[in-house]
Amino acid sequence: MKITDIKIGTLKTPLKTPFKTAVRCVDEMVEVIVKIETDAEVSGWGAAPPTAKVTGDTVGSIVGAIGDTIRPQLLGANAEELEDCLARLNDSIKGNTSPKAAVDIALHDLWARSIGRPAWQLFGGSGKQIKTDVTVSVDTPEKMTADAIAAKESGFDTIKIKLGIDSEVDLLRLRTIRSAVGDGMKVRIDANQGWTPKEAVRLLEHIESEGFNIDIVEQPVKAHDLKGMAFVTQRSPFPVVADESCWAPGDAIRILESGAADMVNIKLMKCGGIKAARQIVAVADAMGAKAMMGVMLEGRISSAAAVHLASAYDTITRADIDGPLLSKTDPTKGGPQYDGAVITPNATPGFGVESVSGIEWL
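Residues numbered from 1 in each chain as written. Predicted model: local features only at pLDDT ≥ 70, side-chain atom pairs only at ≥ 80, totals over all residues. Heavy atoms only, no water.

Trainee: Could you clarify how one ought to interpret the overall build of the protein in this entry?
Mentor: What the protein contains, in helices and strands, is 12 helices and 17 strands. Computed over C-alpha atoms, the radius of gyration of the protein comes to 20 Å, within 12% of the 21 Å expected from 2.2 N^0.38 for 362 residues, which places it in the range of a compact globule. For the protein, the spread of C-alpha atoms along the three principal axes comes to 65 × 40 × 40 Å. Counting the 362 residues in the protein, one finds 59% classified as buried. For the protein, restricting intrachain contacts to residue pairs at least 6 apart in sequence, the fraction spanning at least 24 positions comes to 73%. Working note: accessible area of the protein is about 13900 Å², and carbon and sulfur atoms make up 48% of it. Where the 40 positive side-chain charges of the protein centre and where its 48 negative ones centre are 1 Å apart. (Helix = DSSP H or I, 4+ residues; strand = E, 2+ residues; numbered from the N terminus. Rg over C-alpha atoms; globule rule 2.2 N^0.38 Å. Buried < 20%, exposed > 50% of the residue type's maximum accessible area, 1.4 Å probe, protein only. Contact = heavy atoms within 4.5 Å. Areas by Shrake-Rupley, 256 points an atom, 1.4 Å probe, with all protein chains shown as cover. Lys, Arg positive; Asp, Glu negative; His and termini not counted. Charge placed at Lys NZ, Arg CZ, Asp CG, Glu CD.)

Given below as structure tokens:
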């Protein structure tokens, strides 16, 4: 089964509400779509969002990396030889984790489809359902509270609150939201690197003293500041998760060995795809830690890959795969099924995507 072409396109999907964090604000989901075609008429889908503030990747850099460098290395390769294809992908270009992730996802999708099995099964999973949180973007306390109430009314029992712009206002945001949704709603907070270590500890101590039960605290300080992360982790009353600090299996080892975090958040766009993600899972498992499976602002194609991984590994105990829920419309047919917070992995081959409308092929 020879690879005959790698098609590249862009897809834009409007969001229900602007997505705001401590580092960016967007009102539409933008993705670079990849479709690997073969002479056996079996195709594989992949996708990557441009998240320049986090990964450094833009639409142009993703398209250029795939079209100019990655595609020539894979044309003519046997898609059934997954490890050879992944080696070609990894050797084709340094860095560029998002374009690598898009092609890696498509290669795994193609491989699973060629075998006629859902990817979760080939990862050793049982196809179990998973539950995702839903993100409440950073905004005024009133707007965030309204979004949290809407999430509760939609059946979600876990929300992830984006904080990190102003610690004093952050505390007010949390108080207002908790008062509105009650103690039954599980709350995760994500500062997106927005606090200093001492500021984070002070704020978390305030949160605990007021009786808030926080599930996890994600990336409280700058990604490069592992000493600062460890300072917070040692003093935090809640588990700390490393997100932007953890890109590769080696990062996971350093973070967990140094006590910089209790858990790591695995994102395909950071680590460069499924192969590296599975290695990070193995690291966490070997070191007695748990992991979280997350996404950037991603649609159903790349989110499907994250769902299959989260479903397959018991080491992954938390999921933040809500991208498809944030869009006004869903241009994708097939893949995992979302029923509020509950996600059921598809039992069809690969990651299950059948078609995508609205792609502008390049």
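Trainee: It is not clear to me how the pairing of strand S8 (residues 214–218) should be interpreted in this structure. Could you clarify?
Mentor: Remember that side chains alternate between the two faces of the sheet whenever the strand is regular. Judged by how many residues are buried, S8 sits mostly within the fold: five of five residues are covered. For strand S7 (residues 186–190) and S8, the ladder comprises four bridges, and the chain directions are parallel. Looking at S8, one finds that Ile189 is bridged to Val217. Of the strand pairs in this sheet, S8 and strand S9 (residues 240–242) are connected by two bridges, and their pairing is parallel. By the bridge assignment, Val217 is partnered in S9 with Val240. The parallel pair S8 and S9, bridged by helix H8 (residues 226–235), forms a crossover whose chirality is right-handed. (Pairing = 2+ DSSP bridges. Right-handed = clockwise from strand over helix to strand, strands pointing away.)

Trainee: I tried to follow the environment of Lys2 on my own but got confused; where do I start?
Mentor: Mapped onto the secondary structure, Lys2 falls in the segment before strand S1 (3–20). You can call Lys2 partly exposed: its relative accessible area is 40%. On a C-alpha basis, the gap between Lys2 and Asp243 in space is 37 Å, while along the polypeptide they are 241 residues apart. Apart from the residues lying within four places of it in its own chain, the contact partners of Lys2 are Glu37, Thr38, Asp39, Gly76, Ala77 and Asn78.

Trainee: Sorry, what's going on with the environment of Val283 here?
Mentor: When you line up the elements, Val283 lands in helix H11 (residues 274–286). The class for Val283 is buried, based on a relative accessible area of 13%. Through-space distance from the C-alpha of Val283 to that of Asn213 is 28 Å; in sequence the pair is 70 residues apart. With near-sequence residues (within four places) excluded, Val283 lies in contact with Pro249, Ala252 and Ile253.

Trainee: Could you clarify how one ought to interpret the pairing of strand S11 (residues 291–294) in this entry?
Mentor: Judged by which residues are buried, S11 turns out to be covered on both faces: Ala291 and Met293 on one side and Met292 and Gly294 on the other are all buried. Relative to strand S12 (residues 316–320), S11 runs parallel, the two being bridged by four bridges. Counted as the bridge partner of Met292 is Arg318 from S12. Handedness of the crossover joining S11 and S12 through helix H12 (residues 300–312): right-handed.

Trainee: What exactly am I supposed to notice about empty space enclosed by the protein here?
Mentor: Where empty space is left can be seen by rolling a probe of water-molecule size over the atoms. As enumerated under the stated definition, the model contains three cavities of 30 Å³ or more in all. When its volume is computed, the largest cavity comes out at roughly 190 Å³. Here the residues of the lining of the largest cavity sort into seven nonpolar, four polar and eight charged. Estimated volume of the second largest cavity: approximately 90 Å³. (1 Å grid on protein atoms, 1.4 Å probe; cavity = no way out; pocket = protein on both sides within 12 Å on 5 of 7 lines; lining within 4 Å. Points joined across faces, edges and corners; volume = space filled by probe spheres on them. Nonpolar A, V, L, I, M, F, W, Y, C, P; charged D, E, K, R; others polar.)

Trainee: Teacher, can you tell me more about the sheet that holds strand S17 (residues 360–361) here?
Mentor: Where strands meet in a sheet, backbone hydrogen bonds hold them as pairs that are either parallel or antiparallel. Pairing within the open sheet is antiparallel, and its four strands lie in the order S3-S2-S1-S17. Edge positions in the open sheet fall to strand S3 (44–48) and S17, since each of these has one partner strand only. The pairing of S1 with strand S2 (residues 25–38) spans 13 bridges and is classified as antiparallel. Following the sheet pairing, Gly9 is matched in S2 by Ile33. Sitting on the sheet, helix H3 (residues 97–115) is in contact with S1, S2 and S3, with an inclination near 160° to S3. (Axes fitted to C-alpha atoms, helices over the stretch in contact; angles between N-to-C directions.)

Trainee: Help me understand the nonpolar core, please; the structure alone is not making it clear to me.
Mentor: When a protein is soluble and globular, its nonpolar side chains tend to lie buried together. In terms of nonpolar packing, the biggest core is built from 106 residues, with Leu107, Ile159, Ile189, Ile207 and Ile321 touching the most fellow members. Looking at this core, the element that brings in the most residues is H3, giving nine residues. When near neighbours in sequence (up to four residues on either side) are disregarded, Ile207 contacts Leu171, Leu174, Ile189, Phe212, Ile214 and Phe238. Counting eight residues, the second-largest nonpolar core is a separate cluster that includes Leu11, Ile33, Ala47 and Ile359. (Core = buried A, V, L, I, M, F, W, Y, C linked by side-chain atoms within 4.5 Å.)

Trainee: So what exactly am I meant to see when it comes to the packing of helix H7 (residues 197–209) against H8 here?
Mentor: Two measures define how a pair of helices packs: the angle their axes make with one another and the distance between the axes. Orientation of H7 relative to H8, taken along the N-to-C sense of each, is 15°, at an axis distance of 9 Å. Our classification of the angle between H7 and H8 gives roughly parallel. Both H7 and H8 take part in a crossing whose hand is right-handed. Where H7 approaches H8, its residues Pro197, Lys198, Ala200, Val201 and Leu204 are matched on the opposing element by Gly228, Phe231, Val232 and Arg235. Of the residues belonging to the contact of H7 with H8, the class tally is six nonpolar, one polar and two charged. (Parallel < 35°, antiparallel > 145°, perpendicular 65-115°, else oblique. Left-handed = near helix turned anticlockwise from the far one by under 90°.)

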